Amino acid sequence: MHARIHNGSPTPCKGCLPEADYDSRISRMVEALSAYPEQCVDDKLYAHRISICKACPSLAYDNTCMHCGCFVAVRAKFKEKACPYPGQAKWTAVAEGQC
């Protein structure tokens, strides 16, 4: 089981929970965000961010970031969110400007 550190102690990632069939829930969350286009990146940038996450060694269960515990499909949709990879975020302004 993967765990993230939260307040100094390990907590299981959402994808590690026994009832972790989250694909439809995640899809619904991402779909619901379309009602707020001013807060979301465009589809091309979203796909770029997701491709980076899918290649990241810190992706657990194909949906959860091991650094922050978020569902990457949801986090990647928000303009104001950044990659939480320690030391150097993998979504960079330079790379995103090339999308």
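Right, let's walk through the structure included here. (Residues numbered from 1 in each chain as written. Predicted model: local features only at pLDDT ≥ 70, side-chain atom pairs only at ≥ 80, totals over all residues. Heavy atoms only, no water.)

**Observations concerning helix 2 (residues 43-55)**
To be explicit about the condition: By definition, any uninterrupted DSSP run of H or I lasting at least four residues is a helix, any uninterrupted run of E lasting at least two residues is a strand, and each is numbered from the N terminus. To estimate how far a helix should reach, multiply one less than its number of residues by 1.5 Å. Two N or O atoms form a polar contact when they lie within 3.5 Å of each other; inside protein one atom must be a possible hydrogen donor and the other a possible acceptor, and for residues adjacent in sequence the pair counts only when both atoms belong to side chains.
The terminal C-alpha atoms of helix 2, which comprises 13 residues, lie 18 Å apart, in line with the 18 Å expected from a rise of 1.5 Å per residue. If you check the start of helix 2, you find a side-chain oxygen 3.1 Å away from the backbone N of Lys-44, and it comes from Asp-42.

**Some thoughts on the packing of aromatic side chains**
We count it as follows: Pairs were defined over the aromatic rings of Phe, Tyr and Trp, the Trp ring being its six-membered one, requiring ring centres within 6.5 Å. Orientation was assigned from the angle between planes: stacked under 30 degrees, edge-to-face over 60, tilted for the rest. In this scheme, the term charge over a ring applies when either NZ of a lysine or CZ of an arginine sits within 6 Å of the ring centre and within 35 degrees of the ring normal.
Following the criterion strictly, the structure yields zero aromatic pairs and no others. Over the face of the ring belonging to Tyr-46 we find Lys-77, whose NZ or CZ atom lies 4.6 Å from the ring centre. Positioned above the aromatic ring of Tyr-85 is the side chain of Lys-90, whose terminal nitrogen or guanidinium carbon lies 4.4 Å from the ring centre.

**Some words on unusual backbone geometry**
When glycine is set aside, most residues are seen to have a negative phi, and most peptide bonds are trans. Our working definition: Think of it in three bands: residues with accessible area under 20% of the maximum for their type are buried, residues over 50% are exposed, and the middle band is partly exposed, with areas taken using a 1.4 Å probe on protein chains only.
Of note, the phi angle at Tyr-61 is positive, near 55 degrees, even though the residue is not glycine. With a relative accessible area of 47%, Tyr-61 lands in the partly exposed category. The phi angle at Asp-62 is positive, at roughly 65 degrees, despite the residue not being glycine.

**Considerations on the nonpolar core**
Defined as follows: Only buried residues count toward a nonpolar core, which is a set of Ala, Val, Leu, Ile, Met, Phe, Trp, Tyr and Cys residues joined through side-chain atoms within 4.5 Å. In this analysis, two residues are considered to be in contact whenever any of their non-hydrogen atoms come within 4.5 Å of each other.
Ile-26, Val-30, Tyr-46, Ala-73, Val-74 and Trp-91 are the most contacted members of the largest nonpolar core, which totals 22 residues. When contributions to this core are tallied by element, the ones reaching two or more residues are helix 1 (23-33), helix 2 and helix 3 (72-75). Looking at this core element by element, the count peaks at five residues for helix 2. Beyond its immediate sequence surroundings of up to four residues, Tyr-46 is in contact with Val-30, Val-41, Ala-73, Ala-76 and Lys-77.

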